[in-house]
Amino acid sequence: MFYYLLKYVLLGPVLRLLFRPRTEGLEHVPGTGAAIVAGNHLSFSDHFLMPAVLKRRITFLAKQEYFTGPGIKGRLTAAFFRSAGQIPVDRSGKEAGQAAIREGLCVLARDELLGIYPEGTRSHDGRLYKGKVGVAVMALRAGVPVVPCAMVGTFEIQPPGKVVPRIRRVTIRFGEPLDFSRYAGMENDKAVVRAVTDEIMYRILALSGQEYVDEYAATVKAAAQHRPGRGFPRLGR
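Residues numbered from 1 in each chain as written. Predicted model: local features only at pLDDT ≥ 70, side-chain atom pairs only at ≥ 80, totals over all residues. Heavy atoms only, no water.

**Observations regarding helix 1 (residues 2-10)**
Then comes step 1: Looking at helix 1, one finds that the buried residues are Tyr3, Leu6 and Lys7. Buried residues of helix 1 fall within an arc of 90° about the axis and therefore sit on the same side. (Buried < 20%, exposed > 50% of the residue type's maximum accessible area, 1.4 Å probe, protein only. Helix = DSSP H or I, 4+ residues; strand = E, 2+ residues; numbered from the N terminus. Arc of directions from axis to C-beta.)

Shown next as structure tokens:
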């Protein structure tokens, strides 16, 4: 209930008025049935702008830190994400990844839309990073299509560290659904899930026009933090 109150009354109209999001390929998102929407992740704003333009409810696997932050801000953030039906995900290890897959499969079993960012974290410099294979495992195990999605312009309105986003127009592109039924029953084959994940990331790349980095974003972030100066390079736009 609260999700639809946010979408149609409290937050959605404000977002559409301020950011005037252009949508391309919205017809590619299935009107009924289970599907995964897999997108790039450039900004905290992505969590709100994509749902604002979709006709259906979408449930995201959100990082657990959004639910465990300290102080009043942390409690408010946790309450907001829970009320909006988002699912906390522990990203600390292999078993945590399996728990996230189980949660995602429960959403798909209800014939709902599941939103996921295969990079596993926000891009710190605007580039697109290597995808984690959980999206492929869920797609194959549930036998559902994957709709690639590209957020364009959200890094510029709210890069890492910026609390209040700039008011600029953004674009949200959806690609044709990807059918991986030819790999049914092969979700335990490492080569297959890697190939499926890479195909999904390639389609996101084609929609976003980003520079691609064949490394995990979390690994690159960690390495950058240990370099002298601890700064993150950002792409010029």
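**Looking at the packing of aromatic side chains**
Then comes step 1: For the structure shown, the criterion picks out three aromatic pairs.
Then comes step 2: With a centroid separation of 5.3 Å and an interplanar angle of 20°, the aromatic rings of phenylalanine 60 and tyrosine 117 are classed as stacked. On the criterion of sequence distance, the pair formed by phenylalanine 60 in strand 3 (residues 58-63) and tyrosine 117 in the loop between strand 5 (113-116) and strand 6 (128-129) is long-range, its members being 57 residues apart.
Then comes step 3: Over the face of the ring belonging to tyrosine 8 we find lysine 7, whose NZ or CZ atom lies 5.5 Å from the ring centre. (Phe/Tyr/Trp six-rings, centres within 6.5 Å; stacked < 30°, edge-to-face > 60°. Lys NZ or Arg CZ within 6 Å of the ring centre and 35° of its normal.)

**A short note on the sheet that holds strand 8 (residues 171-174)**
Then comes step 1: Ordered by their spatial adjacency, seven strands build an open sheet running 1-8-7-2-5-3-4, and the pairing between neighbours is mixed. What marks the edges here is a single partner per strand, and that holds for strand 1 (22-24) and strand 4 (87-89). Here the strands of the sheet are splayed against their neighbours by 25° on average, with no regard to which way each runs.
Then comes step 2: Direction of pairing for strand 7 (residues 146-152) relative to strand 8: antiparallel, over a ladder of four bridges. Bridge pairing in strand 8 links valine 152 to threonine 171. (Pairing = 2+ DSSP bridges. Axes fitted to C-alpha atoms, helices over the stretch in contact; angles between N-to-C directions.)

**With respect to the side chain of glutamine 158**
Then comes step 1: In this structure, glutamine 158 sits in the loop between helix 7 (154-157) and strand 8.
Then comes step 2: Since its relative accessible area comes to 6%, glutamine 158 is described here as buried.
Then comes step 3: Within the structure, glutamine 158 has its side chain in polar contact with the backbone oxygen of lysine 162 (distance 3.2 Å).
Then comes step 4: The residues contacting glutamine 158, other than those within four sequence positions of it, are Leu42, Ser43, Phe44, Ser45, Val163 and Pro165. (Polar contact = N/O pair within 3.5 Å; in protein donor to acceptor, adjacent residues only side chain to side chain. Contact = heavy atoms within 4.5 Å.)

**Structural notes on the packing of helix 6 (residues 134-142) against helix 8 (residues 190-208)**
Then comes step 1: Direction vectors running N to C along helix 6 and helix 8 enclose 105°, while the axes themselves pass 8 Å from each other. As summarised for this structure, helix 6 and helix 8 are arranged roughly perpendicular, according to the angle between their axes. Between helix 6, through Val135, Ala136, Val137 and Leu140, and helix 8, the contact on the second element is made entirely by Val192, Val193, Val196, Thr197 and Ile200.
Then comes step 2: A breakdown of the residues in the contact of helix 6 with helix 8 according to their chemical character gives eight nonpolar, one polar and no charged. (Parallel < 35°, antiparallel > 145°, perpendicular 65-115°, else oblique. Nonpolar A, V, L, I, M, F, W, Y, C, P; charged D, E, K, R; others polar.)

**A few points about the environment of alanine 62**
Then comes step 1: Relative to the helices and strands, alanine 62 resides in strand 3.
Then comes step 2: For alanine 62, a relative accessible area of 0% translates into the label buried.
Then comes step 3: When the C-alpha positions of alanine 62 and glutamine 86 are compared, they lie 6.3 Å apart, and in sequence the two are 24 residues distant.
Then comes step 4: Leave out the neighbours within four places in its chain, and alanine 62 touches Phe67, Phe81, Gln86, Ile87, Pro88 and Val89.

**Some words on the pattern of salt bridges**
Pairing of side chains with opposite charge becomes possible as their charged atoms draw close.
Then comes step 1: Here the structure, examined in full by the defined rule, presents seven salt bridges.
Then comes step 2: The residue arginine 127 makes a salt bridge to aspartate 125 at a minimum N-O spacing of 2.8 Å.
Then comes step 3: The class of arginine 127 is buried, set by a relative accessible area of 18%.
Then comes step 4: Ionic contacts of the salt-bridge type, sharing partners, join the residues Asp125, Arg127 and Glu211 into one network. (Salt bridge = Lys/Arg side-chain N within 4 Å of Asp/Glu carboxyl O.)

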